[in-house]
Amino acid sequence: MIAPIALVPWLVAVPVAIAGIGLLFQFFAGLVPSFFFAWGYYFEVLIAGLLQGVMYSLVALGFVLIFKASSIFNFAQGSMALFAALSMVGFMEMGLWWPIAFIISAGVMVLVAVVIERVVLRPLVNQDHIILFMATIGIFYILDGFGQMLWGSDVKVLDIGIPREPMFALGAIFEGGILINQYDFVAALTGGVLVAALAVFFQYTRTGRALRAVADDHQAALSVGIPLKTIWVIVWAVAGIVALVAGIIWGGKAGVQFSLALIALKALPVLILGGFTSIPGAIIGGLIIGAGEQVAEVFLGHFVGGAIQDWFAYMLALIFLVFRPQGLFGERIIERV
Amino acid sequence: MLYREAGQFKTDYAADQAIFPILQDRIFLGVFLLIALVAIPLLANEYWLSTILIPFLVFSLAAIGLNLLTGYCGQLSLGTGGFMACGAFFAFKLATAFPDLHIAVVFLLAGLGTAGVGILFGIPSLRIKGFYLAVATLAAQFFLVWVFNKFPWWVNYSSSGVISAPAREIVPGFFITGTQASPVTKYVFLLVFVAILALVAKNLVRGKMGRSWMAIRDMDIAAEIVGIRPLHAKLSAFAISSFFIGIAGALWAFIYTGSVEALAFQIDRSFQVLFMIIIGGLGSILGSFLGAAFIVLLPIFLNNTMLAVDPSISTAIVSHIEFMIFGALIILFLIVEPHGLARLWQIAKEKLRLWPFPY
């Protein structure tokens, strides 16, 4: 599932792109007096955006897992994150230590996966993609209603002891250093660890191999005796646990509330940028979207009235798609009559 | 026994190609329209008209629009809310800038404007397909709502950011917008307007254009090979679909709510209309009406039942349970009848034609 990507072009292209945009902005700043630009500030915004992007990646990752294994566009990923975070908060309010609450919540997500496979996916096998997509919107509504009914709909505080003080880095290069939010930094590390763990799981375990086989070709996998139904449960469970991690990190940052379910929408441009079927795509796409929208909002936003991050990511992805319809790392689309 | 076409011979092509070839269907439709046009305005009370029938008609039009695009042409769109906002704000700007323009013309022009926007956002559909396209249409959704929310020009610089429909008459003496408008006039106007547009849509999908859309939907490459131009087919589907959706948006703002802000056209609106066509039936004009009726009635029904069962229940719980039942019903529907209510109606008619004989 984790395909090796050509590293060298990226190592060249990314610094060139970053420097290029910076130089472009510097050029504008010379032309337009109201355009504020400083390299230190630029990097600060860029890093904040990248860290934000890691969180988008986490949500996108859950999408990709499910899409690869079952071609289902899982709209409920965001509400799974909300539901998981709500359960986590609920268990912690009962006085449990957070790792224990985490394990129980993970168990809950596995249970959710089993129920979804039994009740929703199994009867809908072989239906059109759009029908399955609508079914996941149904799941979205159910999980939202259920989670909030069970645990209440107030904004909740989720604190598992991640430090929140901002820190300064690279003081030697830029005047005053670059301000980095420590919470985001820890979140990014967690995301990295999760991705590494998933990579090991897919690459080196028996189940992981079966998952990759199913992702490649359902029917071939079935014919060599891989139980498709079990695989689906596992995939949804893994996606649920990814959602739990994403939910904890987002919830810890902004409080656990209904709007958490809507972060899924932010993950969609990430998906089309990276390709629906590629895990590295989800990660790199998340980073590009996160950094891109932050930089655009801070430096360009006030020229058009601000709040452009609502749609900037979509437009970026849209323009990108016109040139490369399968996304950055998506499988090449081959069509036959 | 009554519903049988035996003995009804068609002697010319016009009769053979009629929308309702069976006499009983025509009688049924006539009676139905008569009831809708005469009996309901006389009998229905204000509550029924303004909370159920008027939104039902507005949503039916939006659902027809989306069905043309998604059901007939196969291009999944999640931008319905954005296009409805387009229609609403275009109509508002037109109605306030040209006070003498007839209101029906305003609605049609707003629809035309939205069609232009639809073409613009339909251009990516030539390159991308399926869910990629669905996500791309989300760009339209977020961008359009942002535009109408951000620039005060669209609301004539009103500080609240809300547009209120100016009072307009459809024929002298009968207001359909503004505070003097009575629900009955609104309803009758909407009924006639939507019925005409539905007829237009029905004929479009039966004609050359509709056939080319369906060919694209079923397999675009094959369609291209047999000589259908994807550019024309896809962009015309986007344009006409947006035209209908834009008019629906204008009607929503002017006739149903009377005043509206851009945030009323968020993504939930898009999903709501998408549910209507899925539950009603993809690729069916009748299905658009059935789906709209279902989605409009369901929350009202659930709400009232729950309050009837336990009046002390809190509104938060009601809305959560409503969410859950709504989701569960959608899944149930998809499992039981993925082709929607229109398909059920068709099955019922076929059964009825043979009844009481099993074969």
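Residues numbered from 1 in each chain as written. Chains lettered and ligands numbered in written order. Predicted model: local features only at pLDDT ≥ 70, side-chain atom pairs only at ≥ 80, totals over all residues.

## Concerning the overall build of chain B
So, step 1. Helix and strand counts for chain B stand at 14 helices and four strands.
So, step 2. Here the C-alpha atoms of chain B give a radius of gyration of 21 Å, agreeing with the 21 Å that 2.2 N^0.38 yields for 359 residues.
So, step 3. Dimensions of chain B along its principal axes, counting C-alpha atoms only, are 65 × 55 × 45 Å.
So, step 4. Residues counted as buried form 45% of the 359 residues belonging to chain B.
So, step 5. Counting only contacts in chain B whose residues sit at least 6 apart along the sequence, the fraction spanning at least 24 positions is 74%. (Helix = DSSP H or I, 4+ residues; strand = E, 2+ residues; numbered from the N terminus. Rg over C-alpha atoms; globule rule 2.2 N^0.38 Å. Buried ≥ 20, exposed ≤ 12 C-beta atoms within 10 Å, placed from the backbone. Contact = placed C-beta atoms within 7 Å.)

## Things to note about the overall build of chain A
So, step 1. Regarding its fold elements, chain A presents 12 helices and two strands.
So, step 2. Helices (α) and strands (β) of chain A occur, in sequence order from the N terminus, as α-α-α-α-α-β-β-α-α-α-α-α-α-α.
So, step 3. Out of the 337 residues in chain A, the part that is buried amounts to 47%.
So, step 4. Look at the contacts in chain A between residues 6 or more apart in sequence, and 73% of them connect residues 24 or more apart.

## Re helix H10 (residues 263-274) of chain A
Side chains that are three or four residues apart share a direction in an α-helix, a result of its 3.6 residues per turn.
All names here are of chain A.
So, step 1. For H10, spanning 12 residues, the distance from its first C-alpha to its last is 17 Å, which sits close to the expected 16 Å at 1.5 Å a residue.
So, step 2. With 12 of 12 residues buried, H10 is to be regarded as a mostly interior element.
So, step 3. All buried positions along H10 are accounted for by Ile 263, Ala 264, Leu 265, Lys 266, Ala 267, Leu 268, Pro 269, Val 270, Leu 271, Ile 272, Leu 273 and Gly 274.
So, step 4. Looking one or two residues past H10, Gly 275 carries a phi angle of roughly 100°, positive in sign. (Expected span 1.5 Å × (residues − 1).)

## Describing the pairing of strand S2 (residues 168-171) of chain B
Residue and element names in this part refer to chain B.
So, step 1. Direction of pairing for S2 relative to strand S3 (residues 174-177): antiparallel, over a ladder of three bridges. The residue of S3 that forms the bridge with Arg 168 is Thr 177.
So, step 2. Remark: two residues form the turn of the hairpin made by S2 and S3, two consecutive strands paired antiparallel; Gly 173 in that turn has positive phi of roughly 100°. (Pairing = 2+ DSSP bridges.)

## Observations concerning the packing of helix H3 (residues 46-72) of chain B against helix H11 (residues 267-280) of chain B
Residue and element names in this part refer to chain B.
So, step 1. Between H3 and H11, the least distance of the axes is 9 Å, while the angle of their chain directions is 70°. By the angle class used here, H3 and H11 are roughly perpendicular. Residue-level inspection shows Phe 59, Ala 62, Ala 63, Leu 66, Asn 67, Thr 70 and Gly 71 of H3 in contact with H11, the latter providing Val 273, Leu 274, Met 276, Ile 277 and Gly 280.
So, step 2. Here the contact of H3 with H11 is built from residues that sort into eight nonpolar, four polar and no charged. (Axes fitted to C-alpha atoms, helices over the stretch in contact; angles between N-to-C directions. Parallel < 35°, antiparallel > 145°, perpendicular 65-115°, else oblique. Nonpolar A, V, L, I, M, F, W, Y, C, P; charged D, E, K, R; others polar.)

## Here we look at the interface of chain A and chain B
So, step 1. Counting residues at the interface gives 40 residues for chain A, matched by 37 residues for chain B.
So, step 2. For the side of chain A that touches chain B, the elements supplying multiple residues, two or more each, are helix H5 (129-151), H10 and helix H12 (312-323) of chain A.
So, step 3. No other element matches the 16 residues that H5(A) contributes to the side of chain A that touches chain B.

## Description of the environment of Leu138(B)
So, step 1. For Leu138(B), the position within the fold is in helix H6 (residues 130-150).
So, step 2. Along the backbone, Leu138(B) and Phe121(B) are 17 residues apart, and their C-alpha atoms lie at a distance of 10.0 Å.

## Details of the confidence of the model for chain B
So, step 1. Mean pLDDT over chain B works out to 88, with 99% of the residues at or above the 70 mark.
So, step 2. Taken over the whole predicted complex, pTM reads 0.87, whereas the ipTM for its chain interfaces reads 0.81. (pLDDT = per-residue confidence, 0-100.)

## Side note on the packing of helix H6 (residues 182-204) of chain A against helix H9 (residues 228-254) of chain A
Residues and elements named next belong to chain A.
So, step 1. Close contact between H6 and H9 brings their axes to 11 Å; oriented N to C, the two are set at 175°. On the basis of the axis angle, H6 is roughly antiparallel to H9. Between H6, through Tyr 183, Ala 187, Thr 190 and Leu 194, and H9, the contact on the second element is made entirely by Val 242, Val 245, Ile 249 and Lys 253.
So, step 2. For the contact of H6 with H9, the residue count by class is six nonpolar, one polar and one charged.

## Some details on the confidence of the model for chain A
Low-pLDDT stretches of the model should not have their predicted coordinates read in fine detail.
So, step 1. Summing up the model confidence of chain A, the mean pLDDT is 81 and the portion of residues at 70 or higher is 89%.
So, step 2. Mean pLDDT values for the elements of chain A range from 64 in strand S1 (residues 166-169) of chain A up to 90 in helix H4 (residues 98-121) of chain A.

## Quick notes on helix H7 (residues 206-216) of chain A
Residues and elements named next belong to chain A.
So, step 1. Looking at H7, one finds that the buried residues are Ala 210, Leu 211, Val 214 and Ala 215. Along the axis of H7, the buried residues cluster in a sector spanning 140°; they form a single face. Among the exposed residues of H7, those oriented more than 90 degrees off its buried face are Arg 206 and Asp 216.
So, step 2. Turning to H7, the residues buried within the fold contact helix H2 (39-70), H6, helix H8 (218-223) and H9. (Arc of directions from axis to C-beta.)

## Re the environment of Asn304(B)
So, step 1. Along the chain, the position of Asn304(B) falls in helix H12 (residues 285-309).
So, step 2. In this structure the C-alpha to C-alpha distance between Asn304(B) and Val318(B), which are 14 residues apart in sequence, comes to 9.8 Å.

## A word on the environment of Ile283(A)
Residue and element names in this part refer to chain A.
So, step 1. In this structure, Ile 283 sits in helix H11 (residues 279-300).
So, step 2. Classification of Ile 283 by C-beta neighbours within 10 Å gives buried; the count is 24.
So, step 3. With residues near it in sequence (within four places) discarded, Ile 283 still touches Ser 57 and Val 195.

## A few points about unusual backbone geometry
All names here are of chain B.
So, step 1. The residue Asn 156 is not glycine, and still its phi comes out positive at about 55°.
So, step 2. Looking at the element boundaries, Asn 156 is found in the loop between H6 and strand S1 (162-164).
So, step 3. Owing to 12 C-beta atoms within 10 Å, Asn 156 belongs among the exposed residues under this scheme.
So, step 4. Residue Tyr 157 is not a glycine yet carries a positive backbone phi of 60°.
So, step 5. One can find Tyr 157 in the loop between H6 and S1.

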